[in-house]
Structure formats: structure tokens, C-alpha cells
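# Coordinate analysis (summary)
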Amino acid sequence: MNASFRALAYERELPHAIVTAHGSYKRRKGVIIKLSDDSGHLGIGDAAPLPGFSRDTFEELGRALDGIVVGMRATGFEFFREFFETSSSNPSLIFALGT
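Residues numbered from 1 in each chain as written. Predicted model: local features only at pLDDT ≥ 70, side-chain atom pairs only at ≥ 80, totals over all residues. Heavy atoms only, no water.

## Looking at the sheet that holds strand β1 (residues 3-20)
Spatial ordering of the open sheet is given by β1-β2-β3, a layout of three strands whose pairing is antiparallel. Here the strands that pair on one side only, and so sit at the sheet edges, are β1 and β3 (42-47). Going from strand to strand, the sheet's axes swing by 20° on average, the running direction of each strand aside. Lying over the sheet, helix α3 (residues 91-98) contacts β2 (23-37) and β3, oriented at roughly 150° with respect to β3. (Pairing = 2+ DSSP bridges. Helix = DSSP H or I, 4+ residues; strand = E, 2+ residues; numbered from the N terminus. Axes fitted to C-alpha atoms, helices over the stretch in contact; angles between N-to-C directions. Contact = heavy atoms within 4.5 Å.)

## Focus: the pattern of salt bridges
The tally for this structure, following the rule as stated, stands at two salt bridges. Between R27 and E11 there is a salt bridge, with the nearest N and O atoms lying 3.0 Å from each other. Here R27 is found in strand β2, whereas its partner E11 is found in strand β1, with 16 residues between them in sequence. Residue class for R27 comes out partly exposed when judged on its relative accessible area of 41%. Shared partners join several salt bridges into a network, and the residues in it are E11, E13 and R27. (Salt bridge = Lys/Arg side-chain N within 4 Å of Asp/Glu carboxyl O. Buried < 20%, exposed > 50% of the residue type's maximum accessible area, 1.4 Å probe, protein only.)

## Digging into the environment of A7
One can find A7 in strand β1. Taking C-alpha positions, A7 is 9.8 Å from G62, a pair spaced 55 residues apart along the chain. Discounting chain neighbours no more than four positions away, the residues touching A7 are V31, I32 and L65.

## Observations concerning the nonpolar core
Counting 16 residues, the largest nonpolar core has F5, I33, L65, I68, F80, L93 and L97 as its most contacted members. Of all elements in the fold, only β2, α1 (58-75), α2 (78-86) and α3 reach the threshold of two or more residues within this core. The leading source of residues in this core is α1, at five residues. Those residues in contact with I33 that lie beyond four places of it in its chain are F5, R6, G43, I44, G45, A47, L65, L93, A96 and L97. (Core = buried A, V, L, I, M, F, W, Y, C linked by side-chain atoms within 4.5 Å.)

Printed below as a string of C-alpha cells:
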């Protein structure tokens, strides 16, 4: 089975600033993730760590995505089984892949 993985980074200005005890946020950035296979299965998720709230950062997300590309090239979707079992340092990415 052929597997396809795409990641599209985005940064958007919010219509209104979000103000919290951790600061004010006027922009939001993240990555839209798309997984598909040749059987027609499709998954789309959004990984968007929020500074001051998320345990991971946007930069860490980028490094984890690079690792996924390498893993997918080596083993296809089988890579994700191990990734979900062993990765606890990228909660935003785990959320995106699980939704």
C-alpha cells in the first residue's frame, strides 16, 4: 500500500487578539497535516502549539515532522505505530495525527 504524507505550514493573523495570563496573541501558526493511501483513506489534522500553553514549540514540531518524513520513506504507515507508542514530546503533533 502506498502512503502519502503532506504538511502545510501556515501563519494567520487573528481577527482579535487573544489575551491570557501568558500574554497576548495576535497571530497563530501551525501545520495542516494530510495522510492518505491508495485505498482512498484520508486523514487531515492541525498541529498548532500555543506558546505558554503547549509543552512543545513550533520549532520542535518542525523537527518532528522531518522525522516523520524519514520514517514514512523507510516503512510507510507502519512508522506511525511506533511513533504513537514512543513519542510523548510532541503533543500537538500527536493530536493532529489522531484527529
